[in-house]
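Understanding the architecture of this molecule
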Protein chains: 2
Amino acid sequence: MNVSPAAPSPIGNEDLVGRRVLVVDDDPTVAEVASSYLRSAGFVVDEVGDGFAALAAAERIDPDLIVLDRMLPGIDGVEVCRRLRTHSSTPVILLTALGSEDDRIAGLEAGADDYLAKPFSPRELVLRVQSVLRRSIGEFTPESVLEYGGFRLDPSARTATRDGAELALTSREFDLFEFLLKHRNQVFSREDLLRTVWGWTYGDLSTVTVHVRRLREKIEPDPRTPTLLTTVWGVGYRFTTNGDADAVG
Amino acid sequence: MNVSPAAPSPIGNEDLVGRRVLVVDDDPTVAEVASSYLRSAGFVVDEVGDGFAALAAAERIDPDLIVLDRMLPGIDGVEVCRRLRTHSSTPVILLTALGSEDDRIAGLEAGADDYLAKPFSPRELVLRVQSVLRRSIGEFTPESVLEYGGFRLDPSARTATRDGAELALTSREFDLFEFLLKHRNQVFSREDLLRTVWGWTYGDLSTVTVHVRRLREKIEPDPRTPTLLTTVWGVGYRFTTNGDADAVG
DNA sequence: CGGCATCCGTTCGCGTTCCGTAAGACTTGG
DNA sequence: CCAAGTCTTACGGAACGCGAACGGATGCCG
């Protein structure tokens, strides 16, 4: 019944208090809201408004994490991220506009650790910051490979196989599968998935429906009658490890 | 990329009982309805009618969450939200006029954690409040499994089994069963159940009757003569832990 | 530069499931 | 035997999930 495949993180929120976070956004309102929230959560926050200032500040104050808007005057957020990566491994959370898939991919490829679609709930931001920080402080291990019931997901390589055979998953499908596999045997509403997997605060829930269907097409023995990625009527979806699974955690 | 909250503390709805909610609306009717529903869900509720009072009350009673109407006499709801943010991180749910997408965005950027379009269903409000609170405490922390007399309920997976065999319960049936199993050996009137399980303050009591019957059909050895989910004549229903008990006195 | 393929988000119609209510039969207690 | 309470059944409507298809955006390759 244990859900977490990796050992539970030994890092409490207390260990995060006092960490430095650099917020980079040209919109003062957004920056202000984000900052005040992060401060309330116990972080020490600095704000800058453009890409050059971001690079300079990153050099000067050496923050523990950077929250970076994708759209910036001067240097683009993704470019900032890339340049940061050349000489540091400071975790970066990228703020992207809604729906721009490429922003997300570009962000991930540039080395961002997480992303969040605007407009975002500040609370969500805090959760992500804490999550990323906890991860980066704790094990320096890149990311553990996920294995279950013949499936094998490698998050760092972003490849998926079933019984050794390559599964041609798209980016979204991979994210979705990874999340469900990580939290198997737990039901998630479409809204939950949209928030966590997509990083959206709101949006069309049928987006999730369709992607679930497409994912099923690739991982289910018989997509017509799902046995792994099952529907919980009126609630959401669940990756089930029941009955026939010859699983090794 | 991935968001793993991985907080070790399990959070059920009981942990939300007793939390303070501040309802801010200038329409007494709306405020009253919202309050009574929230109280029924176990929250301690305070009401105020305008923006200034809201800020004052927030300062004074330090609520766990604030339900805030967007349209307010005095200070606008969004502005209230923004001012709150300068010195606290109390979660805010914003009530906005129907359909206006911009309100939504403005609200989220002002620091709201969720929003709800008017007119809203009180039940929806309760769900949102619980959802946001739970999220602010720690997301996706699986609830503890409920086991008794061969039955096994897993709230996070939303699965029910008897002696290992899957019980095909509908959403309502699951909620009802879960509640009764949690508070076994305790009698609840139809009204109680309608309020707690359904989240209604009024409604047709026969709704409960029918669902009890349907649930019996699935969990009782002989549904005609219930031994587990028994009727207490003139009072209500009870999930009985020892089969023989007919404590009618 | 232009055509092709891929992926993603959205939309719409269809079939199914579930829920609430009504109405009548039955049981219980006085 | 009566009245109030409870059980059973049936039904219509609403909510929901699914499948198929479309248009747009993007990247790739000729």
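Below or above, wherever it landed, is the structure these notes cover. Please read these numbers as outputs of a predicted model, since none were measured by experiment. Per chain, residue numbering runs from 1 following the sequence as it is written. Naming scheme: in the order in which they are written, chains are lettered from A and ligands are numbered from 1. Where totals are concerned, whole chains, interfaces and linings use all residues; where local detail is concerned, this predicted model gives features only for residues with pLDDT of at least 70, and gives and counts side-chain atom pairs only at 80 or more. Only hydrogens and water are removed before side-chain values are computed, so all heavy atoms of the structure are retained for them.

Here we look at the overall build of chain A
Looking only at helices and strands, one finds 8 helices and 11 strands in chain A. When accessible area is computed with a 1.4 Å probe and restricted to protein chains, residues below 20% of their type maximum are described as buried, those above 50% as exposed, and intermediate ones as partly exposed. The buried share of chain A, reckoned over its 249 residues, is 50%. Expressed as a percentage of contacts within chain A between residues at least 6 apart in sequence, the contacts between residues at least 24 apart total 59%. Accessible surface, chain A: about 10,900 Å² in total, of which carbon and sulfur atoms supply 52%. Secondary structure follows DSSP: runs of H or I at least 4 residues long count as helices, runs of E at least 2 residues long count as strands, and numbering of each begins at the N terminus. Between two residues, a contact is recorded if the distance between any of their heavy atoms is within 4.5 Å. Exposure was quantified through the Shrake-Rupley algorithm and a 1.4 Å probe, taking into account, for residues, occlusion by the shown protein chains and nothing else.

Description of the sheet that holds strand 9 (residues 165-167) of chain A
Residue and element names in this part refer to chain A. When DSSP finds two or more bridges between two strands, those strands count as paired. Strand order in the open sheet made by the 4 strands is 6-7-8-9, with antiparallel pairing throughout. Two strands in the sheet have a free side with no partner beyond their single neighbour: strand 6 (146-148) and strand 9. On average, each strand axis in the sheet is inclined to that of its neighbour by 20 degrees, with strand direction left out of account. Sheet topology places strand 8 (residues 159-162) next to strand 9; 3 bridges connect them, and they run antiparallel. Paired with A160 across the two strands is L167, which belongs to strand 9. Convention adopted: a line fitted to C-alpha atoms gives each axis, helices being fitted over their contacting stretch, and angles between N-to-C directions are expressed from 0 to 180 degrees. Along the sheet, helix 6 (residues 171-182) contacts strand 6, strand 7 (151-154) and strand 8; its crossing angle with strand 7, the most-contacted strand, is approximately 115 degrees.

Some words on the pairing of strand 11 (residues 236-239) of chain B
All names here are of chain B. With 4 bridges connecting them, strand 10 (residues 229-232) and strand 11 associate as antiparallel partners. The residue of strand 11 that forms the bridge with L229 is F239. Where strand 10 hands over to strand 11, the hairpin turn is made up of 3 residues, of which G234 adopts a positive phi near 80 degrees.

Overview of the protein's contact with DNA strand C
Think of it this way: one heavy atom of a residue within 4 Å of a molecule or strand is enough to make that residue near it. Near DNA strand C lie 25 residues; those nearest to it are A:R172, A:T207, A:R214, B:R172 and B:R214. When the atoms of DNA strand C within 4 Å of the protein are sorted by group, sugar and phosphate make up 69%. For the purposes of these results, a polar contact is taken to be a pair of N or O atoms within 3.5 Å, where, inside protein, one atom must be able to donate a hydrogen and its partner to accept one; residues adjacent in sequence count only when each atom of the pair is a side-chain atom. In the environment of DNA strand C, a phosphate oxygen lies 2.8 Å from a nitrogen or oxygen atom belonging to the side chain of A:T170. Between DNA strand C and B:R214 there is a distance of 2.6 Å, counted from a base oxygen to a side-chain nitrogen or oxygen. When residues of the surface near DNA strand C are traced back to their parent elements, those giving at least two are helix 6 and helix 8 (206-219) of chain A together with helix 6 (171-182) and helix 8 (206-219) of chain B. Three residue categories are used. Nonpolar comprises Ala, Val, Leu, Ile, Met, Phe, Trp, Tyr, Cys and Pro, charged comprises Asp, Glu, Lys and Arg, and polar comprises the others, including Gly. When the residues that make up the surface near DNA strand C are grouped by side-chain class, the tally is 8 nonpolar, 10 polar and 7 charged.

Thoughts on the pairing of strand 8 of chain A
Residues and elements named next belong to chain A. As paired elements, strand 7 and strand 8 share 4 bridges and run antiparallel to each other. Among the inter-strand pairings, R152 is bridged to a residue of strand 8, identified as T161. Adjacent in sequence and paired antiparallel, strand 8 and strand 9 are bridged by 2 residues, among which D163 carries a positive phi angle near 55 degrees.

Concerning the side chain of A:R123
Residue position: A:R123 is located in helix 5 (residues 122-137). Among the polar contacts made by the side chain of A:R123, one reaches the side chain of A:Y37 at a distance of 3.3 Å. Excluding residues that lie within four positions of it along the chain, A:R123 makes contacts with A:Y37, B:S89, B:T90, B:P91, B:D113 and B:S136.

What to know about the side chain of A:T230
All names here are of chain A. Positionally, T230 belongs in strand 10 (residues 229-232). Judged by its relative accessible area of 14%, T230 falls in the buried class. Engagement of the side chain of T230 in a polar contact is seen with the side chain of T240, the distance being 2.9 Å. Residues within four places of T230 in sequence aside, it is in contact with R216, G236, Y237, R238 and T240.

Some points on the interface of chain A and chain B
Contact with chain A, which involves 46 residues of that partner, is made by 35 residues of chain B. The term buried area denotes the loss of accessible surface (1.4 Å probe radius) that occurs when two parts are joined, taken as the sum for both partners. Summing the contributions of chain A and of chain B, the shared interface buries around 3,400 Å²; its carbon and sulfur component is 53%. Here a salt bridge means any side-chain nitrogen of Lys or Arg lying within 4 Å of a carboxyl oxygen belonging to Asp or Glu. Run the count over chain A and chain B and you get 2 salt bridges. Ionic pairing is found between A:R123 and B:D113, a salt bridge with its closest N-O pair at 2.9 Å. On the surface where chain A and chain B come into contact, there are 8 residue pairs in polar contact (both at pLDDT 80 or more). Sorting the residues of the side of chain A that touches chain B by element identifies helix 1 (28-40), strand 5 (114-117), helix 5, helix 6 and helix 7 (190-198) of chain A as the ones contributing at least two each. Per-element accounting of the side of chain A that touches chain B gives the leading share, 8 residues, to helix 5 of chain A. Classifying every residue of the side of chain A that touches chain B gives 19 nonpolar, 11 polar and 16 charged.

Overview of helix 1 (residues 28-40) of chain B
All names here are of chain B. The end-to-end C-alpha separation of helix 1 is 18 Å, in line with the 18 Å expected for 13 residues at 1.5 Å each. Every buried residue of helix 1 is listed here: A31, A34, S35, Y37 and L38. In an axial view of helix 1, the angular spread of the buried residues amounts to 165 degrees, which keeps them on one side of the axis. Exposed residues lying more than 90 degrees from the buried face of helix 1 are P28 and T29. Next to the buried residues of helix 1 lie strand 1 (20-24), strand 2 (44-48) and helix 5 (122-137). Residue D27 occupies the N-cap position of helix 1, its side-chain oxygen lying 2.9 Å from the main-chain nitrogen of T29. G42 occupies a position one or two residues after helix 1 and carries a positive phi of about 105 degrees. Each residue after the first adds 1.5 Å to the expected span of a helix. Our arc is simply the arc of the directions from the helix axis toward the C-beta atoms.

So far we have only geometry, and geometry alone does not tell us how the molecule works.
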